[in-house]
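Breakdown of the fold
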Amino acid sequence: TFPSIAGGWNFSEESFIKDNLEWLSFGKIRASWGRSGMHFEECYLALGSLYSGQPFMGESTLSWGNGLYNEELSWEKTDQYDFGLDMDFFNYRLNLTIDYYYKYTRALINKEVLPGDMYGFNGVQWRNTMAISNEGLELDAKIDILRDTEVKWRTRFNVSRNWNRFRKSYSGRDFQEKVIGKPLSGIYLFKDLGMIE
């Protein structure tokens, strides 16, 4: 089940705004929340798979291929929160839009190496073990410099910024090149004391 909800308030329609702020043509606050999910990229990922292994004493064998059975494996889930502000000024000559979103993806599927040497080899299993977050801010402005003349002139300005973070791993520690609490595509090096001759 993946629900969502959204709402908005046209505060420019309120009498205390209309009576006091003639230069504000329109104003609205928006907010929404929704959850989405993504199924496994491969079929039967939760069931594990077998493949033909090396013969033993002249007999064919089966080995675990794509991970051990995991009945608790579930869809990856993402919660997203959005907040926005729309405003028009001076009879709709100037428009400003501000948007902010925060997206948290949890239960990311990853192939985890299990402890021990059960079944005679290092077992692996697909599990919902990792999480990442994305958030962003965007500002959009439109200005009608020349509107009521034969020559029309509209200028638009847009700027945005996005941040992502690696939030969680199976072990609670950094995973491969991903550092918990840091951006996913960062470059991380050891801090040194300089060159010693």
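Scroll up for the structure.
This report concerns the structure included in the present document. (Residues numbered from 1 in each chain as written. Predicted model: local features only at pLDDT ≥ 70, side-chain atom pairs only at ≥ 80, totals over all residues. Heavy atoms only, no water.)

Here's the deal with the sheet that holds strand E2 (residues 24-38)
The strands that make up a sheet pair up through hydrogen bonds in the backbone, lying either parallel or antiparallel. Ordered by their spatial adjacency, 6 strands build an open sheet running E1-E2-E5-E6-E7-E8, and the pairing between neighbours is antiparallel. Single-partner strands in this sheet number two, and they are strand E1 (4-9) and strand E8 (153-168). Averaged over neighbouring strand pairs, the angle between their axes works out to 10° when direction is ignored. (Pairing = 2+ DSSP bridges. Helix = DSSP H or I, 4+ residues; strand = E, 2+ residues; numbered from the N terminus. Axes fitted to C-alpha atoms, helices over the stretch in contact; angles between N-to-C directions.)

Comments concerning the environment of tyrosine 170
Mapped onto the secondary structure, tyrosine 170 falls in the segment after E8. Note on tyrosine 170: relative accessible area 40%, which makes it partly exposed. Residues contacting tyrosine 170, with those up to four places away along its chain left out, are Glu112, Arg127 and Thr129. (Buried < 20%, exposed > 50% of the residue type's maximum accessible area, 1.4 Å probe, protein only. Contact = heavy atoms within 4.5 Å.)

Here's the deal with the nonpolar core
With 6 residues, the main nonpolar core is built from Phe40, Leu45, Ala46, Leu73, Ile109 and Trp126. Apart from residues lying up to four places away in sequence, tryptophan 126 is in contact with Leu45, Asn66, Gly67, Asn70, Leu73, Ile109, Asn110 and Lys111. (Core = buried A, V, L, I, M, F, W, Y, C linked by side-chain atoms within 4.5 Å.)

Focus on unusual backbone geometry
Phi at methionine 57 is positive, roughly 55°, even though this residue is not glycine. Although it is not a glycine, alanine 107 adopts a positive phi angle of roughly 60°. Positionally, alanine 107 belongs in strand E6 (residues 94-113). Judged by relative accessible area, which is 16%, alanine 107 ranks as buried.

Focus: the environment of glycine 194
Here glycine 194 is to be found in the segment after E8. For glycine 194, a relative accessible area of 41% puts it in the partly exposed group. With 170 residues separating them in the primary sequence, glycine 194 and leucine 24 have C-alpha atoms 59 Å apart.

Re the side chain of aspartate 88
Secondary-structure assignment places aspartate 88 in strand E5 (residues 76-89). Among the polar contacts listed, one links the side chain of aspartate 88 to the side chain of asparagine 95, at a separation of 3.0 Å. (Polar contact = N/O pair within 3.5 Å; in protein donor to acceptor, adjacent residues only side chain to side chain.)

That's the geometry; what it means functionally is another story.
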